[in-house]
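These are the residues of each chain, in order.
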Amino acid sequence: MSSVSALGSFLSQGQQTHKVPVSMFRNNRARVIEALRVKQQEAQQEELRNEEQACFYKGGEEVSRANTDMEPLFSQESFFFHLFGVNEPGYSGALLVKQGASVLFIPRLPKEYGIWCGKVQPPDFYVDKYGVDYAFYADEVADRLASLGVEAGHLLRGINTDSNAPYPEATFDGIERFQLNYEQLYDVDVEVRVHKSPEELDVMRYFNR
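Anyway, here's the lowdown on the structure attached to this text. (Residues numbered from 1 in each chain as written. Predicted model: local features only at pLDDT ≥ 70, side-chain atom pairs only at ≥ 80, totals over all residues. Heavy atoms only, no water.)

## Details of the pattern of salt bridges
- The final tally for this structure, using the stated rule, is 9 salt bridges.
- The partner of Glu 140 in a salt bridge is Arg 108, with the nearest N and O atoms 3.7 Å apart. Highlighted residues: Glu 140 in the loop between strand S7 (134-137) and helix H5 (141-147) and Arg 108 in the loop between strand S6 (101-106) and helix H3 (113-117), separated in sequence by 32 residues.
- The residue Arg 177 makes a salt bridge to Asp 143 at a minimum N-O spacing of 2.8 Å. In this pair, Arg 177 sits in the loop between strand S8 (150-154) and strand S9 (179-181) while Asp 143 sits in helix H5, placing the two residues 34 residues apart along the sequence. (Salt bridge = Lys/Arg side-chain N within 4 Å of Asp/Glu carboxyl O. Helix = DSSP H or I, 4+ residues; strand = E, 2+ residues; numbered from the N terminus.)

## A short note on the packing of helix H1 (residues 22-42) against helix H6 (residues 185-194)
- In the contact formed by H1 and H6, the axes pass within 9 Å of each other and the chain directions differ by 130°. By the angle between their axes, H1 is oblique relative to H6. In the crossing of H1 with H6, the sense of the turn from one axis to the other is right-handed. Counted together, Asn 28, Arg 31, Val 32, Ala 35, Leu 36 and Lys 39 of H1 and Leu 185, Val 188, Asp 189 and Val 192 of H6 form the full contact between these two elements.
- In terms of residue class, the contact of H1 with H6 is made up of 6 nonpolar, 1 polar and 3 charged. (Axes fitted to C-alpha atoms, helices over the stretch in contact; angles between N-to-C directions. Parallel < 35°, antiparallel > 145°, perpendicular 65-115°, else oblique. Left-handed = near helix turned anticlockwise from the far one by under 90°. Contact = heavy atoms within 4.5 Å. Nonpolar A, V, L, I, M, F, W, Y, C, P; charged D, E, K, R; others polar.)

## Quick word on the packing of aromatic side chains
- Evaluation of the coordinates by the stated rule reveals 13 aromatic pairs.
- Taking 5.1 Å as the distance between ring centres and 85° as the angle between the ring planes, the aromatic pair formed by Phe 125 and Tyr 126 counts as edge-to-face.
- Grouping aromatic residues by their ring pairs yields a cluster made of Tyr 91, Phe 125, Tyr 126 and Tyr 130.
- Directly above the ring of Tyr 137 sits Arg 108, whose terminal nitrogen or CZ lies 4.0 Å from the centroid. (Phe/Tyr/Trp six-rings, centres within 6.5 Å; stacked < 30°, edge-to-face > 60°. Lys NZ or Arg CZ within 6 Å of the ring centre and 35° of its normal.)

Rendered as structure tokens:
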């Protein structure tokens, strides 16, 4: 859940739980964008900086166990959560490198969803909730990125050094419309996640009390 206090927006699981500032995730996004810019500058890839690039992240999906309607406890994809703070399934997001902006793609829920889970909110609601610059539906990723001037896309591809398991690569309908780069983003994101911000350290202190 999210709330707004006199100190600004924060995410919280309810009363007597830690209030995580939305600014923490905004700062993480800014750090990734800046790190990618530096990496491209060091590689003398100045031509990329003249076009809009999008770093695309796929959040986790809700699944059912075998042939039942039972849903295992959902756990959000870590890279996505680190940047957007969204803990629900069906979302994805993008960072616009040239603009320095963020885009959240939300699931398009049927009206019937509101009967069981409350009001179905429009995209603009999530701009305020998660502190992003844009929010659109998840079934229009390619069109929306194109409308924002995106020509090239960066996606995560790498090997987990603990498990040696390859990272599952993200995709979306219409991804073939963009020039794709799988070589830079994974190392950039891992490096940013390793170096904790002051706000992240506050969260870690709370959970290790």
